[in-house]
Amino acid sequence: MTVSKNDLSLLDGGIALSFPFRLGTSSYIIPADIIPNVRALAGIVDDIELVLFETEEFSNLPDADTIDTLRVLAKEHELSYTVHFPLDVSLCDSNEECREKSVEQCRRIIDCTRPLDPFAFIVHCNEDSPEGEFPSRDMETWLKQAHRSFGELSSCVDDPKCFAVETLRYPLHTLETPIREHGFSVCLDIGHLLLNSYSIEEHYRKYWDITRVIHLHGIIDGKDHASLKGLDKQVLEILLNLLKTTAASERVLTLEIFSESDFIHSMEILERYAER
């Protein structure tokens, strides 16, 4: 399916959707690079999550020209950007060399995207245990490495709350102490919480004060990052009501999905809650 600007904007009588909060989505909605995606989405969303990768074989870190173009588009369309650190960074790795390499990788991305003044950097603190309630068999070392990495990243920015630690498979409370002690914020990933049978209400209550980014996506056939058709209507209404009582500049709601059809279907659902 080819998505036209009219499709994406979901215009109704020429009136674009409007929400009392900042709405975002990923930089991989149409099958193209970052700039074409930002051009297609500009004017439709308020924030775009730049999903970045860096391996020995492949890197999509933007070059200087791309950064300049992103800055221009942000200014023209009042866009902000969130930056998702690569999924394979190991900030809590017990191997100090691996941990240091991961911190350095994050630093390169911070320096690369600094001219964009990102609203947030999305941080994954990956597990080193294949299963179980805790992310590591050696929680003392895992947490010690988290503290060390958080402290080193904090020195790279003016305000550490720009680092939003995302909810993953393990309980967020395992990281609550280093998050709060280092002044980091939280990225509440609603799909991840549902997929792992965690209480949405409990996470709202405990972490809403330090939540900077919310990732929203559905679960269809056991797979997350799907259209909002796969999200319980009550969960969506509770979340949107919370956001409506919060100043728009304080949080971003990101539709973390990665296809044209899922984006359009999700926007059609959100249209019911839009202000006109």
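This text follows the structure it describes.
Rules behind the numbers
Residues numbered from 1 in each chain as written. Predicted model: local features only at pLDDT ≥ 70, side-chain atom pairs only at ≥ 80, totals over all residues. Heavy atoms only, no water. Salt bridge = Lys/Arg side-chain N within 4 Å of Asp/Glu carboxyl O. Buried < 20%, exposed > 50% of the residue type's maximum accessible area, 1.4 Å probe, protein only. Helix = DSSP H or I, 4+ residues; strand = E, 2+ residues; numbered from the N terminus. Axes fitted to C-alpha atoms, helices over the stretch in contact; angles between N-to-C directions. Parallel < 35°, antiparallel > 145°, perpendicular 65-115°, else oblique. Left-handed = near helix turned anticlockwise from the far one by under 90°. Contact = heavy atoms within 4.5 Å. Phe/Tyr/Trp six-rings, centres within 6.5 Å; stacked < 30°, edge-to-face > 60°. Pairing = 2+ DSSP bridges.

Peer 1: Looking at this structure, I do not really get the pattern of salt bridges. What am I missing?
Peer 2: Any two side chains of opposite charge can pair if their charged atoms end up close together. The full count for this structure, using the stated rule, is twelve salt bridges. Salt-bridge contacts for Arg114 lead to Asp111; the nearest nitrogen and oxygen are separated by 2.7 Å. Given a relative accessible area of 48%, Asp111 falls into the partly exposed group. A salt bridge links Glu176 to Lys206, with the nearest nitrogen and oxygen atoms 3.9 Å apart. Residue Glu176 is located in helix α6 (residues 176–181), and its partner Lys206 is located in helix α8 (residues 200–207); the two are separated by 30 residues in the primary sequence. By sharing partners, the salt bridges in this structure join Glu96, Arg99, Arg148 and Glu152 into a single network.

Peer 1: What am I meant to see in the packing of helix α4 (residues 96–113) against helix α5 (residues 139–154) here?
Peer 2: For any two helices packed against each other, the geometry is given by the interaxial angle and the distance between the axes. α5 packs onto α4 with a crossing angle of 30° between their chain directions and a minimal axis gap of 10 Å. In terms of orientation, α4 lies roughly parallel with respect to α5. When you trace α4 past α5, the crossing you get is right-handed. Contact residues: α4 offers Glu96, Arg99, Val103, Cys106, Arg107 and Ile110, while α5 offers Gln145, Arg148, Ser149, Glu152 and Leu153.

Peer 1: Sorry if this is basic, but what is going on with the packing of aromatic side chains here?
Peer 2: Given two aromatic rings, their pairing is described by the distance between the two centres and the angle made by the two planes. Tallied over the entire structure, the rule returns nine aromatic pairs. An angle of 25° between the planes, with centres 4.4 Å apart, marks the rings of Phe150 and Phe184 as stacked. A residue pair is termed long-range when its members are at least 10 positions apart, and Phe150 in helix α5 and Phe184 in the loop between α6 and β6 (185–189) qualify at 34 residues. According to the relative accessible area criterion, Phe184 is buried, its value standing at 3%. Ring centres of Phe163 and Phe184 lie 5.0 Å apart, and the angle between their planes is 35°; this geometry places the pair in the tilted category. With Phe163 in strand β5 (residues 163–166) and Phe184 in the loop between α6 and β6, this pair connects stretches of sequence that are 21 residues apart. Of the residues examined, Phe163 reaches a relative accessible area of 0% and is grouped as buried.

Peer 1: What's the story with the sheet that holds strand β1 (residues 22–26) in this structure? I'm lost.
Peer 2: One key point about sheets: their strands pair by backbone hydrogen bonds, in either a parallel or an antiparallel sense. Strand order in this closed barrel of eight strands is β1-β2-β3-β4-β5-β6-β7-β10, and the pairing throughout is parallel. Within the sheet, the average angular offset between the axes of one strand and its neighbour, ignoring direction, is 25°. As paired strands, strand β2 (residues 47–51) and strand β3 (residues 80–84) are joined by five bridges and run parallel to one another. Bridge pairing in β3 links Asp47 to Ser80. Where helix α9 (residues 233–244) meets the sheet, it contacts β7 (211–216) and β10 (252–255), and its direction lies at approximately 150° from that of β7.

Peer 1: I keep staring at the pairing of strand β9 (residues 223–226) and nothing clicks. Help me out?
Peer 2: In regular strands, side chains alternate between the two faces of the sheet. Pairing analysis gives two bridges linking strand β8 (residues 218–220) to β9, with the strands arranged antiparallel. Looking across to β9, one finds that Ile220 is bridged to Lys223. Joining the antiparallel neighbours β8 and β9 is a turn of two residues, in which Asp221 adopts a positive phi near 55°.

Peer 1: Honestly, the packing of helix α2 (residues 34–41) against helix α3 (residues 64–77) in this entry has me stumped. Any pointers?
Peer 2: Where α2 contacts α3, the axes come no closer than 11 Å and their chain directions differ by 5°. Between α2 and α3, the angle is such that the two are roughly parallel. The segment α2 lies against α3, with Ile34, Ile35, Val38 and Arg39 engaging Thr66, Thr69, Leu70 and Leu73.

Everything listed is a geometric property; what it means functionally is a separate question.
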